[in-house]
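The residues making up each chain are set out below.
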Amino acid sequence: MSETTDDAASVTFDNVRKVYLDDFVAIKGFDAQIEDGEFITVVGPSGSGKSTLLRMIAGLEEISGGDIRIGNESIKGVEPQDRGIAMVFQNYALYPHMSVRKNMAYGLKLTTDLSSDEIDQRVRETATMMGIEDQLGDKPANLSGGQQQRVATGRAIVRDPKIFLMDEPLSNLDAKLKVHMRTELQRLQEDLGTTTIYVTHDQHEALTMSDRIIVLDGGELQQFAPPDEVYNEPANRFVADFIGSPAMNFFDVELNGTTLVGDGFEYAIPPSISDTIRDTAAKSRLELGIRPEDITYDATGDNTITGTVDVVEVAGSDNFVYLDIAGSECRVRVDGDVKPSVGETTQIAFDPNDIHLFDTQSGDNLLSGTRERQVAEAETEEAEEAA
Ligand SMILES: Nc1ncnc2c1ncn2[C@@H]1O[C@H](COP(=O)(O)OP(=O)(O)OP(=O)(O)O)[C@@H](O)[C@H]1O
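Residues numbered from 1 in each chain as written. Predicted model: local features only at pLDDT ≥ 70, side-chain atom pairs only at ≥ 80, totals over all residues.

Per an unreviewed UniProt entry, the chain carries the name ABC-type D-xylose/L-arabinose transporter and comes from Halostagnicola larsenii XH-48. Checking UniProt for the chain, the heading Function (unreviewed entry) contains the comment "Part of the ABC transporter complex XacGHIJK involved in the uptake of xylose and arabinose. Responsible for energy coupling to the transport system." (UniProt positions renumbered as here; feature names shortened; annotations may be inferred.)

Shown next as structure tokens:
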């Protein structure tokens, strides 16, 4: 997170609702507090309300209920151009008939009383920062995708906004350029320290770029937390399934004493976990979640599960093995030099500390927060031993 001097560019969502066409609720009672200078990504499936959220801040959509505040000020009744925001769109929305210079200067001319010379100087400085100073006289159609992206970002930066809103700004770039621009945007945001709300379909972008991630589904907030927490401590089954690639494996299980029993396997868990889930297990079915990267392939010893190799996906430095465990698919990440044969039977194992357990009815993660506690306890023990 970048250091800034005041909280003028915090963004508060207070029970925000958006209703389209009188009865379609696109955003349902959304609450969140974004701090000044944070880089926030918003992820969720198509139609989950990501763009709607951004468009309400930008003033491109009315808010149907609740309020959004920038700093302490409600944005209701504040004209879009007076909100101190700048937006970068997926299709860049550059004016085709204007040069890069005019595209970048246009917003400044409309919203400030700077002189032409001052505007020109700011445009040139920003163009240099974005590496497009040689393109100032060109029309957008004569630029590459990456250059157009830089112009769109430069046009937002030149206005020196309090908040950047970015709606999938890199999705039109090829994979290599995307990685490059991702680093560039991240560095720019760190240098400028401007609060940024960034919508993306790409969970890798979300996990690598942001201070915190908003996960939306069906217009409802599922989790708002730093990337490692969303990954390691997903709030519910939806988040667990949505974040991570290949996705987490899930198995229907029941608790029997300190053993999770599923189709084709029994898996022993420590009493600390079984005690945590016992009350829920008495009322509801459970799902065991385990990430492909947390599974040991070809394991020996106790507490293993038997599977048969269905598919082997060669992916370079890592391979993915798809196992059949009594009719359920289980994805396992293995080293690139491990290439099992289809039809082979194997044992897999995983550490009980890596499992996730969900209430099948509510989807809640029953072990939420326990991993943080485990880490804290381990650190305390280590400190005590060292003393
Ligand atoms: N102007 C509109 N009128 C009616 N419904 C709309 C309008 N804009 C969006 N919607 C609906 O609201 C829901 C949320 O749309 P939104 O564009 O915010 O989702 P999104 O998460 O950004 O999706 P995507 O990832 O596909 O861009 C969708 O069901 C969409 O069809």
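Asker: An account of the packing of helix α3 (residues 116–130) against helix α4 (residues 145–157) is needed here, citing residue identities and associated values.
Answerer: The geometry of α3 relative to α4 is characterised by a closest axis approach of 9 Å and an angle of 135° between their N-to-C directions. Judged on the interaxial angle alone, α4 and α3 are oblique. Here the hand of the crossing between α3 and α4 comes out right-handed. Where α3 abuts α4, its residues Thr126, Ala127 and Met130 lie against Arg150, Thr153, Gly154 and Ile157. Per-class residue counts for the contact of α3 with α4 are three nonpolar, three polar and one charged. (Axes fitted to C-alpha atoms, helices over the stretch in contact; angles between N-to-C directions. Helix = DSSP H or I, 4+ residues; strand = E, 2+ residues; numbered from the N terminus. Parallel < 35°, antiparallel > 145°, perpendicular 65-115°, else oblique. Left-handed = near helix turned anticlockwise from the far one by under 90°. Contact = placed C-beta atoms within 7 Å. Nonpolar A, V, L, I, M, F, W, Y, C, P; charged D, E, K, R; others polar.)

Asker: Any details on the pairing of strand β9 (residues 212–217)? Residues and values, ideally.
Answerer: The buried count for β9 comes to five of six residues, which makes it a mostly enclosed element. Across four bridges, the pairing between strand β3 (residues 39–43) and β9 is parallel. Counterpart to Val42 in the pairing with β9 is Ile214. Where β9 meets strand β10 (residues 220–225), five bridges bridge the pair, whose relative direction is antiparallel. Each bridged residue has a counterpart across the sheet, and for Ile214 the counterpart in β10 is Phe224. In textbook terms, the turn of a hairpin is the stretch between consecutive antiparallel strands, and for β9 and β10 this stretch comprises two residues, one of which, Gly218, has a positive phi near 55°. (Buried ≥ 20, exposed ≤ 12 C-beta atoms within 10 Å, placed from the backbone. Pairing = 2+ DSSP bridges.)

Asker: Quick rundown of the UniProt feature "domain: ABC transporter" (unreviewed entry) in the chain? Include the residues and the values.
Answerer: Here the UniProt feature "domain: ABC transporter" (unreviewed entry) sits at residues 11–243. Secondary structure across residues 11–243 divides into 37% helix and 26% strand, with the first and last C-alpha atoms of the span separated by 25 Å.

Asker: Describe α3, listing the residues and the values that go with them.
Answerer: For α3, which comprises 15 residues, the first-to-last C-alpha distance of 21 Å matches the rise-based estimate of 21 Å (1.5 Å per residue) to within 8%. Every buried residue belonging to α3 is among Val123, Thr126, Ala127 and Met130, and all of these are buried. Projection of α3 onto a plane perpendicular to its axis shows the buried side chains occupying an angular sector of 105°, all on one side. In α3, those exposed residues whose orientation departs by more than 90 degrees from the buried face are Asp117, Glu118 and Gln121. Structurally, α3 contributes buried residues whose contacts are with α2 (100–111) and α4. Trailing α3 by a residue or two, Gly131 shows a phi angle of about 70°, which is positive. (Expected span 1.5 Å × (residues − 1). Arc of directions from axis to C-beta.)

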